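# Coordinates in review
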Amino acid sequence: MAAEGDVELELEAEPNGSTSGGDGAGGRPAEKPRKHDSGAADLERVTDYAEEKEIQSSNLETAMSVIGDRRSREQKAKQEREKELAKVTIKKEDLELIMNEMEISRAAAERSLREHMGNVVEALITLTN
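Rules used throughout
- Residues numbered from 1 in each chain as written.
- Predicted model: local features only at pLDDT ≥ 70, side-chain atom pairs only at ≥ 80, totals over all residues.
- Heavy atoms only, no water.
- Salt bridge = Lys/Arg side-chain N within 4 Å of Asp/Glu carboxyl O.
- Helix = DSSP H or I, 4+ residues; strand = E, 2+ residues; numbered from the N terminus.
- Patch = residues over 30% accessible without salt bridge, like charges linked within 9 Å, V, L, I, M, F, W, Y side chains within 5 Å.
- Areas by Shrake-Rupley, 256 points an atom, 1.4 Å probe, with all protein chains shown as cover.
- Buried < 20%, exposed > 50% of the residue type's maximum accessible area, 1.4 Å probe, protein only.
- pLDDT = per-residue confidence, 0-100.
- Contact = heavy atoms within 4.5 Å.
- Axes fitted to C-alpha atoms, helices over the stretch in contact; angles between N-to-C directions.
- Parallel < 35°, antiparallel > 145°, perpendicular 65-115°, else oblique.

- Per an unreviewed UniProt entry, the recorded name for the chain is Huntingtin-interacting protein K, and the organism is Eublepharis macularius.

Laid out in structure tokens, this is it:
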């Protein structure tokens, strides 16, 4: 009799009267290797390959400070460039010419003129390319 929770297995009778999956009687091994078992072993090797690495807080802090320094340098260079561009004087006629011909906003036309030191021809060539 089986206790509660036990599973009963029925053994199929083979043509010669013996049962399959027995105790090795009849010259057969107790269990045959299954084809999918080798795949499970391969899967174990693959999943065990990658190891988790601990990130040290000092390395993280160093990386964050490098990123912060780079951002501050880029921001400072951008501010200096804007100051230099603000010093360039441009003519109102040149600004209106670029705005009308290229059909762009006043800010874009002014930026292009300032980047080319007020030279209308260079500004137009850059805007057309």
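From this point, the discussion proceeds with the structure in view.
## Remarks on the pattern of salt bridges
- Applying the stated rule across the entire model yields three salt bridges.
- Among the salt bridges present, the one from R111 reaches E82, with a minimum N-O distance of 2.5 Å. Placement of the pair is R111 in helix α4 (residues 106–115) and E82 in helix α2 (residues 57–87), with a sequence separation of 29 residues.
- Overlapping salt bridges, with partners in common, bring together E82, R111 and E115 in one network.

## Considerations on a nonpolar patch on the surface
- Together, I55, L60, M64 and I67 make up a nonpolar patch on the protein surface, roughly 430 Å² of accessible area in all.
- According to the relative accessible area criterion, I55 is exposed, its value standing at 68%.

## Details of the confidence of the model for the chain
- Of all residues in the chain, 59% attain a pLDDT of 70 or more, and the chain-wide mean is 76.
- Every residue in residues 18–22 is under pLDDT 50, and counting partners more than four places away or in other chains gives ten contacts.

## Details of the packing of α2 against α4
- Where α2 contacts α4, the axes come no closer than 9 Å and their chain directions differ by 90 degrees. Relative to α4, the element α2 lies roughly perpendicular. Contacts from R81, E82, L85 and A86 of α2 reach α4 at R111, R114 and E115.

## Focus: unusual backbone geometry
- Located in the positive-phi region is E103, a residue other than glycine, with phi close to 55 degrees.
- Mapped onto the elements, E103 comes out in the loop between α3 (92–102) and α4.
- Since its relative accessible area comes to 71%, E103 is described here as exposed.
- At M117, a position not held by glycine, the phi torsion is positive, near 55 degrees.
- Along the chain, the position of M117 falls in the loop between α4 and α5 (120–128).
- By relative accessible area, which is 59% here, M117 ends up exposed.

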